[in-house]
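These are the residues of each chain, in order.
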Amino acid sequence: MDVKRVELWKDRNATVLSNESVRTVIEDHGGMVLELSNLNAAGGRVNAHPLYWFRGKGPSIEEDINASFYGNSGLLYHLAGNFLCFPSFGGGEPVDGVQHDPHGWSANRRWNVVKYGSDAETGANWVLSSLSSPNANYPFEALKLDLVLPSHPVAYTSFLVKNTGDKPLPANVAWHNTVGSPFLENECVVNMSATSFVTPIEESEFKNTGRLAFDKEFDDLTKAPLRKDGTCDLSIVPGMIGYTDFVAGRIPDSAQLGWSSVINPRQKMVYLTFFPGPAVVEEDEIPFYFNSMWMQYGGRPFTPWALYEGGADHTFCLGMENSISYYANGLKEAIDAKTLLGAPTTIMLPPHETRVQRYATAFTSYENSKLGNGIQALEQSEEGIILKQGKASALINCDSTFALLKAIEKRVLN
């Protein structure tokens with residue numbers, strides 16, 4: 001078990017949290033999770049998160065002479081495999097005169113490390129970071145507690161946000177989990193808790209990049225409607241096919257646990273996100289109603305995804321995102337839409353009150369090769385989460401009810 005601070009590049013610092021198997025690297029800027037790695041069956045270490053080939057390494061995009069290559073987007077300059085989106089998930093259009101950053105200030109501003117250490121009772125290694133609103137017309141104070149526990153192949157996070165103003169604040173909240181090479185390969189299998197799905201409207205960033213029909217609802221991930229005749233199977237990763245698409249999936253109100261997974265059957269490894277489902281979310285918690293897939297399979301022939309405008313897209317990754325949002329179209333459209341697939345697209349943060357969102361990402365290997373066919377059912381137990389495929393099963397040792405995370409929260413915050 002270890003917790004330490006490291007300098008990645010000049011003026012680019014991060015926290016490394018690790019236990020006997022899993023390791024996570026969280027950069028201060030944007031809270032970007034560059035690494036979530038574990039040991040494979042052969043004993044080698046694999047990072048599930050993509051390290052984008054175009055990722056900048058300077059102090060900021062404003063100091064980089066190649067800023068135009070990134071479309072002057074600081075988010076793309078710092079992009080990494082997972083990050084928190086608040087209070088906007090997607091575009092940065094203004095709301096009530098407040099200009100938001102794409103994917104929110106949480107993904108674009110520097111989190112300040114308040115303190116870090118180890119929990120005496122559980123042995124957890126943790127880091128506590130803070131973020132204040134950069135706009136007085138959208139006042140908030142946020143804390144983010146990241147930690148790993150002994151013997152759990154999991155990175156846990158508690159995100160606590162207080163509306164410090166006198167008026168309710170509308171917000172999106174999302175986790176932008178993304179897997180990439182070398183973990184992500186052709187024939188990886190995707191599963192999730194969502195049971196109904198919808199493709200984006202035509203006027204979206206996927207208008208000229210995708211193969212999926214516009215604004216179509218469907219209830220089987222293996223039969224997604226195409227723009228041309230027929231359907232395709234989104235549960236199997238096809239590799240670099242020259243398209244980039246997005247699908248939003250609705251988590252049932254009856255779900256006690258929200259989750260999404262990617263399995264690599266050749267490597268016998270699984271990447272699993274999980275969080276409290278709509279059925280058990282308490283009044284002071286931020287609910288997630290959507291599992292979404294951003295399928296970056298080579299459909300963006302422009303920089304920084306390609307070397308030049310009109311060039312070949314070099315970027316292969318899969319976003320397994322979980323949110324309260326309107327697709328990933330930003331806070332303004334979420335407010336205007338109000339609902340998607342029958343679920344709210346925003347949460348209102350009451351004045352002078354705190355709301356919390358607890359979240360976990362597991363990455364580990366499994367033994368039974370039958371699980372390579374995907375997850376048919378997922379169960380919570382006292383020991384953790386059980387993945388099932390027919391009679392085959394695998395246990396992920398974890399805090400599936402977040403009871404340990406809540407207890408550590410209290411000790412760290414006090």
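Scroll up to find the structure this text is about.
Residues numbered from 1 in each chain as written. Predicted model: local features only at pLDDT ≥ 70, side-chain atom pairs only at ≥ 80, totals over all residues. Heavy atoms only, no water.

**Looking at the side chain of T209**
Part 1 of the argument: Following the sequence through the fold, T209 ends up in the loop between β15 (196-198) and β16 (217-218).
Part 2 of the argument: One polar contact links the side chain of T209 to the main-chain carbonyl oxygen of T244, over a distance of 2.7 Å.
Part 3 of the argument: If near-sequence neighbours (up to four positions away) are discounted, T209 is found in contact with G242, Y243, T244, G299 and R300. (Helix = DSSP H or I, 4+ residues; strand = E, 2+ residues; numbered from the N terminus. Polar contact = N/O pair within 3.5 Å; in protein donor to acceptor, adjacent residues only side chain to side chain. Contact = heavy atoms within 4.5 Å.)

**Details of helix α4 (residues 403-413)**
Helical periodicity: at 3.6 residues per turn, an α-helix aligns residues three or four positions apart in one direction.
Part 1 of the argument: Those residues of α4 that fall on the buried side of the exposure criterion are L405, I408, E409 and V412. Here the buried residues of α4 occupy an arc of 110° about the axis, which is enough to place them on one side.
Part 2 of the argument: Buried residues along α4 sit against β7 (112-118), β8 (125-132), β9 (140-148), β10 (154-163) and β27 (354-365). (Buried < 20%, exposed > 50% of the residue type's maximum accessible area, 1.4 Å probe, protein only. Arc of directions from axis to C-beta.)

**A closer look at the side chain of S60**
Part 1 of the argument: Its location among the elements puts S60 in the loop between β5 (45-47) and α1 (74-78).
Part 2 of the argument: Excluding anything up to four places from it in sequence, S60 contacts Y77 and H78.

**Looking at the pairing of strand β20 (residues 257-264)**
Part 1 of the argument: Across the 8 residues of β20, 8 count as buried, placing the element largely inside the fold.
Part 2 of the argument: Of the pairings in the sheet, the one linking strand β14 (residues 189-192) to β20 comprises 4 bridges and is antiparallel in character. Its bridge partner being in β20, N191 is matched across the sheet by S261.
Part 3 of the argument: Pairing between β20 and strand β21 (residues 269-276): 8 bridges, direction antiparallel. Residue W259 lies in a different strand from β21, and its bridge partner there is F274.
Part 4 of the argument: Joining the antiparallel neighbours β20 and β21 is a turn of 4 residues, in which K268 adopts a positive phi near 55°. (Pairing = 2+ DSSP bridges.)

**Quick notes on the sheet that holds β27**
Part 1 of the argument: On the basis of which strands lie adjacent, the open sheet formed by 8 strands has the order β7-β8-β9-β10-β27-β21-β20-β14 and antiparallel pairing. Single-partner strands in this sheet number two, and they are β7 and β14. Neighbouring strand axes in the sheet, compared pairwise and without regard to direction, differ in orientation by 15° on average. (Axes fitted to C-alpha atoms, helices over the stretch in contact; angles between N-to-C directions.)

**Overview of the sheet that holds strand β30 (residues 392-397)**
Part 1 of the argument: The strand order β28-β29-β30 describes an open sheet built from 3 strands, whose pairing is antiparallel. Across the chains shown, the open sheet's two edge strands, defined by having one partner strand only, are β28 (377-380) and β30. Each strand of the sheet is rotated relative to its neighbour by a mean of 20°, with strand direction disregarded.
Part 2 of the argument: As judged from the 6 bridges shared by strand β29 (residues 384-389) and β30, these two strands associate in the antiparallel manner.

**Describing the environment of G180**
Part 1 of the argument: Structurally, the position occupied by G180 is in strand β13 (residues 178-180).
Part 2 of the argument: Residues G180 and T15 lie 165 residues apart in sequence; the distance between their C-alpha atoms is 21 Å.
Part 3 of the argument: Here G180 is in contact with N47, A48, H49, P50, F316 and C317, once residues within four sequence places are set aside.

**Some details on the pattern of salt bridges**
Part 1 of the argument: For the structure shown, the criterion picks out 18 salt bridges.
Part 2 of the argument: Across the pair D253 and R250 runs a salt bridge, and its minimum N-O distance is 3.1 Å.
Part 3 of the argument: Taking relative accessible area as the criterion, R250 reaches 9% and is therefore assigned buried.
Part 4 of the argument: For K332, the salt bridge goes to D336, with nearest N and O atoms at 3.2 Å. (Salt bridge = Lys/Arg side-chain N within 4 Å of Asp/Glu carboxyl O.)

**Quick look at the state of the cysteines**
Part 1 of the argument: Taken as a whole and judged by the stated rule, the model has 0 disulfides.
Part 2 of the argument: Cysteine C85 remains unbridged, with the sulfur of C317 as its closest cysteine sulfur at 14 Å. (Disulfide = S-S within 2.5 Å.)

**Examining a nonpolar patch on the surface**
Part 1 of the argument: A contiguous nonpolar patch, built from W53, L307 and Y308 and spanning about 350 Å² of accessible area, is present on the exposed surface.
Part 2 of the argument: Along the chain, the position of W53 falls in the loop between β5 and α1.
Part 3 of the argument: The class of W53 is partly exposed, set by a relative accessible area of 40%. (Patch = residues over 30% accessible without salt bridge, like charges linked within 9 Å, V, L, I, M, F, W, Y side chains within 5 Å. Areas by Shrake-Rupley, 256 points an atom, 1.4 Å probe, with all protein chains shown as cover.)

**Focus on the nonpolar core**
Part 1 of the argument: Ranked by internal contacts, the top residues of the largest apolar core, which has 56 residues, are F86, Y138, F140, F159, V161, V173 and L349.
Part 2 of the argument: Setting aside its immediate chain neighbours within four residues, Y138 contacts F86, P87, V98, H100, W105, S133, L169, P170, A171 and L349.
Part 3 of the argument: If you look at the next biggest cluster of nonpolar residues, it comprises 37 residues, including A224, Y271, M295 and L318. (Core = buried A, V, L, I, M, F, W, Y, C linked by side-chain atoms within 4.5 Å.)

**Notes on unusual backbone geometry**
Part 1 of the argument: Cis rather than trans, the peptide bond between F86 and P87 has omega equal to 0°.
Part 2 of the argument: Along the chain, the position of P87 falls in the loop between β6 (84-85) and α2 (105-108).
Part 3 of the argument: Cis geometry is found at the peptide bond from S181 to P182, where omega equals 10°.
Part 4 of the argument: Position of P182 relative to the elements: it lies in the loop between β13 and β14.
Part 5 of the argument: One non-glycine residue, Y327, lies in positive phi territory at about 50°.
Part 6 of the argument: Among the structural elements, Y327 can be located in the loop between β23 (316-324) and α3 (331-337).

**Things to note about the pairing of strand β19 (residues 243-250)**
Part 1 of the argument: Within β19, 7 of the 8 residues are buried, leaving the element largely enclosed by the surrounding structure.
Part 2 of the argument: With 3 bridges joining them, β15 and β19 adopt antiparallel strand pairing. When the sheet's bridge partners are listed, V198 is paired in β19 with A248.
Part 3 of the argument: Examined bridge by bridge, β19 and strand β22 (residues 290-297) share 8 bridges and lie antiparallel to one another.

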